[in-house]
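Okay, here's what each chain looks like letter by letter:
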Amino acid sequence: MSLLDSLNPEQLAAVTLPRESALILAGAGSGKTKVLTARIAWLIQTGQVGPNGVLAVTFTNKASKEMLHRISTMLPINTRSMWVGTFHGLCNRMLRAHWKEAGLPQAFQILDMQDQLSAIKRMYKVLGIDAEKFPPKQLSYFVGSAKDQGLRPKDVEAHDEYHRMMVRLYEAYEAQCQREGVVDFAELLLRSFELLGANPTLREHYQARFKYILVDEFQDTNSLQYNWLKRLAGPQGCIFAVGDDDQSIYAFRGARVANMVQFENDFNVQNRIKLEQNYRSVGNVLKAANVLIAHNKARLGKELWTEAGEGEAIRVYEATSDQDEAAFIIDRIKKLVLEEGYSRSDIAILYRSNAQSRVVEQALFNAGMPYRVYGGLRFFERAEIKHALAYLRLMDNADDDNSFSRVVNFPARGIGARSVEQLQDISTAQATSLYRAIHRMEGRAQAGLKKFADLIERMRFETRGLSLPDLVDKVINESGLIAHFQADKDGEDRVENLKELVNAAASFSIAEGYYRDAAATMVDEEKLITPLADFLSHASLEAGDNAAAAGQDAIQLMTAHSAKGLEFKCVFVTGLEEGLFPHENSIGNSVEGGDGTSVEAVEEERRLMYVAITRAREQLFLSHAQQRMLHGQIRYHLRSRFLDELPEEVLKWLTPKRAHIASQGWDALDSKVWGQNKTLNVGYSNKTSKRPYDIGTGVSHAKFGSGVVVSYEGEGDDQRIQINFGRQGMKWLMLSLAKLERS
Ligand code: ATP
Ligand code: MG
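The model shown is predicted, which means the values in this text are computed figures rather than measured ones.

Summing up its helical and strand segments, the protein chain has 25 helices and 23 strands in all. At 28 Å, the protein chain has a C-alpha radius of gyration in line with the 27 Å of a compact globule built from 743 residues. Relative to its full complement of 743 residues, the protein chain shows a buried share of 55%. Residue pairs in contact within the protein chain that sit at least 24 positions apart in sequence constitute 73% of those at least 6 positions apart. Summed over all atoms, the accessible surface of the protein chain reaches about 32,300 Å², with 49% contributed by carbon and sulfur. Positive and negative side-chain charges of the protein chain, numbering 90 and 96 respectively, have mean locations separated by a distance of 2 Å.

Right, let's get into the packing of aromatic side chains. A full pass over the atoms with the stated rule returns 20 aromatic pairs. On the numbers, 5.5 Å between centres and 65 degrees between planes, the contact of Phe59 with Phe87 is edge-to-face. With Phe59 in the loop between strand E2 (54-58) and helix H3 (61-74) and Phe87 in helix H4 (residues 87-97), the pair connects residues that are 28 residues apart, well separated along the chain. Here the aromatic cluster, defined as three or more aromatic residues joined through ring pairs, consists of Phe218, Tyr226, Phe263 and Phe267. Taking NZ or CZ as reference, Arg96 lies 3.7 Å from the ring centre of Phe108, over its face.

Turning our eyes to something else, we now look at helix H6 (residues 136-148). Compared with the 18 Å implied by 1.5 Å per residue over 13 residues, the 18 Å span of H6 between its first and last C-alpha is a close match. For H6, the complete set of buried residues consists of Pro136, Leu139, Ser140, Phe142, Val143, Gly144, Ala146 and Lys147. Gly150 lies just past H6 and shows a positive phi near 80 degrees.

Taking 1.5 Å of rise per residue, the twelve residues of helix H23 (residues 531-542) would be expected to cover 16 Å, and the 16 Å separating its terminal C-alpha atoms lies within 8% of that figure. Within the span of H23, buried status applies to Leu532, Ala533, Asp534, Phe535, Leu536, Ser537, Ala539, Ser540 and Glu542.

As a structural note, the neighbourhood of ligand 1 is formed by 20 residues, with Ser6, Gln11, Lys32, Glu567 and Arg615 the closest of them. The side chain of Thr33 places a nitrogen or oxygen atom 2.8 Å from an oxygen atom of ligand 1. At 2.8 Å from an oxygen atom of ligand 1 is found a main-chain nitrogen or oxygen belonging to Lys34. Protein burial of ligand 1: of its 640 Å² of free accessible surface, 85% is covered by the chains. When the residues that make up the shell around ligand 1 are grouped by side-chain class, the tally is three nonpolar, ten polar and seven charged. Summarising the domain contributions, the shell around ligand 1 has at least three residues from each of domain 1 (9-99 + 190-277) and domain 3 (278-375 + 549-657).

Here we come to unusual backbone geometry. Here the bond from Phe410 into Pro411 is cis, since omega is -5 degrees, no more than 30 degrees from zero. By secondary structure assignment, the location of Pro411 is in the loop between helix H16 (401-407) and helix H17 (417-429). That bond from Phe581 to Pro582 is cis: its omega, 10 degrees, falls within 30 degrees of zero. Structurally, Pro582 can be placed in the loop between strand E13 (568-573) and strand E14 (590-592). One non-glycine residue with positive phi stands out, namely Glu217, at about 55 degrees. Mapped onto the elements, Glu217 comes out in the loop between strand E6 (212-215) and helix H10 (223-233). Residue Glu217 is classed as buried on the basis of its relative accessible area of 9%. The phi torsion at Lys739 lies on the positive side, around 50 degrees, for a residue other than glycine. Relative to the assigned elements, Lys739 resides in the loop between strand E22 (730-734) and strand E23 (741-742). On the basis of relative accessibility, which here comes to 74%, the residue Lys739 falls in the exposed class.

A few words now on the UniProt feature "domain: UvrD-like helicase ATP-binding" (unreviewed entry) in the protein chain. Sequence positions flagged by UniProt for "domain: UvrD-like helicase ATP-binding" (unreviewed entry) are, in local numbering, residues 5-282. Helix makes up 50% of residues 5-282 and strand makes up 12%, while its end C-alpha atoms are separated by 23 Å.

Applying the stated rule across the entire model yields 42 salt bridges. As a salt-bridge pair, Arg352 and Glu605 come within 2.8 Å of each other at their nearest N and O atoms. Here the residue Arg352 occupies a position in the loop between strand E10 (347-351) and helix H14 (357-366), and Glu605 occupies one in helix H24 (residues 602-613), the gap between them amounting to 253 residues. As a salt-bridge pair, Glu648 and Lys657 come within 3.1 Å of each other at their nearest N and O atoms. Looking at Glu648, the relative accessible area reads 39%, which means it is partly exposed.

Reading across the sheet, the six strands line up as E3-E2-E6-E7-E1-E8 and stay open at both edges, with parallel pairing between neighbours. Every other strand in the sheet has two partners, leaving strand E3 (83-86) and strand E8 (272-275) as the edge strands with one partner each. Neighbour-to-neighbour, the strand axes of the sheet open up by a mean angle of 15 degrees, direction not taken into account. As judged from the four bridges shared by E2 and E3, these two strands associate in the parallel manner. Residue pairing in the sheet places Thr58 in a bridge with Thr86 of E3. Along the sheet, H10 contacts E2, E6 and strand E7 (239-243); its crossing angle with E6, the most-contacted strand, is approximately 165 degrees.

So, on to the packing of helix H19 (residues 444-462) against helix H20 (residues 468-478). Where H19 meets H20, the axes come as close as 10 Å, and the angle between the chain directions of the two elements is 155 degrees. When the interaxial angle is binned, H19 and H20 end up roughly antiparallel. The two elements H19 and H20 cross, and the hand of that crossing is right-handed. When H19 is examined against H20, the residues Leu455, Arg458, Met459 and Glu462 are found in contact with a partner set consisting of Lys474, Val475 and Glu478. Looking at the contact of H19 with H20 residue by residue, the classes come out as three nonpolar, no polar and four charged.

What counts, and at which threshold
Residues numbered from 1 in each chain as written. Chains lettered and ligands numbered in written order. Predicted model: local features only at pLDDT ≥ 70, side-chain atom pairs only at ≥ 80, totals over all residues. Heavy atoms only, no water. Helix = DSSP H or I, 4+ residues; strand = E, 2+ residues; numbered from the N terminus. Rg over C-alpha atoms; globule rule 2.2 N^0.38 Å. Buried < 20%, exposed > 50% of the residue type's maximum accessible area, 1.4 Å probe, protein only. Contact = heavy atoms within 4.5 Å. Areas by Shrake-Rupley, 256 points an atom, 1.4 Å probe, with all protein chains shown as cover. Lys, Arg positive; Asp, Glu negative; His and termini not counted. Charge placed at Lys NZ, Arg CZ, Asp CG, Glu CD. Phe/Tyr/Trp six-rings, centres within 6.5 Å; stacked < 30°, edge-to-face > 60°. Lys NZ or Arg CZ within 6 Å of the ring centre and 35° of its normal. Expected span 1.5 Å × (residues − 1). Near = heavy atom within 4 Å. Polar contact = N/O pair within 3.5 Å; in protein donor to acceptor, adjacent residues only side chain to side chain. Nonpolar A, V, L, I, M, F, W, Y, C, P; charged D, E, K, R; others polar. Domains from an automatic or database assignment. UniProt positions renumbered as here; feature names shortened; annotations may be inferred. Salt bridge = Lys/Arg side-chain N within 4 Å of Asp/Glu carboxyl O. Pairing = 2+ DSSP bridges. Axes fitted to C-alpha atoms, helices over the stretch in contact; angles between N-to-C directions. Parallel < 35°, antiparallel > 145°, perpendicular 65-115°, else oblique. Left-handed = near helix turned anticlockwise from the far one by under 90°.

As structure tokens, this is what we get:
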């Protein structure tokens, strides 16, 4: 069967376009990724380009793996040498090959978010900056967004004292990174962009090489990514971009839907191809998605249809609490798996923010159901793994001060804070790294530090010629990490994780072909780095999704953001509550739209909800809870407006649907029932009672002190008000008797 057989006419037209730039703008599940991968396979199969001449880019590691997988099922070629990956991954690859031209040490290390914050804190200490006044997170955000716009410190315009300070700190941060041979995520892109700009020979080499550039999820490119693509493609370039403006969910990171329009102009795109048939979801799911997204005003506009039947109605459940919501999910999953024959891996549980996963995880765990969490605290971000990686990084690049500071006295080896401060002074004075400063030190303090340096040197020497997993194994032992955690009575898990790192190194070696090609046959330009350096960048870029349940048939847990591009037979979208989904930061705010106009921030949340719904192929469950524990506090939320925006005819309410305030605002809120107060009147009336205080207003009460208004119920003289008095608890009071005051 030819790989073109399964395509519909529009898809076929897109896959087989002549060499010209094109924009495929199409809704969820219409086969965009399918078209993109089929085009790669078709171009190679028909000899129009070799595997080396293609570059394909997307946003997440998971999506890029999926892309490679789809290509290799269509074409029996080795996809390993192909430039298919994320923006960060591909830029890293380019910088590894041209580190010298890019002004980096060969063994440059990559800082993840956590590393970046500790690097900033270290810098603050040296410079005597007040972290209260200039929170490290703010600087990190400032630097990131400057870089995402392609701006170096000298290019940033600062209009007030605060911003002038931020620019100075950006400059200092940049100098520190350069000195230490480290780059953060945004730097990977900017460096690679500048490399192509400053170096015509290289630029022309890549422009000639990548005859075909393909971009998935194009709606989420920011301006630096767009300019990088443009520079890489060059004047003769051919970019095949696929995307969906309704799924643009990274505006907060600078994504610009306007890039689509700019792209059509810059690349002289002749025809915009639309795909409108959805092959993923049953009719009810698709209808819900279409109706929901129609509430957005800022849209390019398109509608999806399907030939599939309606399928099951979308089930909606109102839980009394987050625990109850989790219990509902477990119950349903049991039915799906035991009675309806689904595999666990067919089922995904989606939520708006990572903090929500804990309760569900606990319930799954108690029910003995294997699950896998994407995102959250990932494997390579665990403290013990960070320690091990710090030793490995130091062996690779001794100037990495972050890693140095992390392990110089971990496990404890009697090196005091005082000695490290002394060392820091020398390193600052002599503009050298902490590691090198040891040799310029004198006196007693030096002895301990010297021993540490000797340990690193010894490990470096003794691991020469070892395979990557053996090397890692040796380092976790020699460094004393294993012994340290073995001695700790709660350290068992950490020892397990460290051993898991050896396994991770082994699978990485297999995947990257380090066993097969161990002999020096690798003249491939991109494999000029050592397996260790390669593994370390993998650790930073990948952050290793929770490795524990890998390969098992497990339920999939992830945020709606990380579900983009994926599909599952059964999907639970949880926590559909005002303040949670849509997120509280979005409510009542507006953001700049692509064309300079302002749009409601809630529209981005609605697109995210659209992404979540359209992941489902057959069965979709939506749930919300009346109360939930979040960040150590009980929170009371109203049902999400998104639930009320869905067409009633595709929904099936498993709990009675209660009247809602959506169209009338908070003030019209009627009869909200919480927790134990199930017996209260739940009737809905359009006669809105008088509400002396808006929900959320602070009030004070003679006996209970100050509190916050949570809800109202009843009418007239019976009207009651619910107030959260913090430590005094949640109370229902008769409004007419309560004698409240605004506080
Ligand atoms: P998203 O916007 O969510 O990224 P997408 O547009 O990339 O979605 P795909 O993931 O490529 O959509 O396709 C969705 C599903 O539909 C996949 O399972 C794919 O195999 C299937 N599909 C796409 N086109 C066809 C077709 N012509 N015939 C049969 N199945 C198809
Ligand atoms: Mg896709």
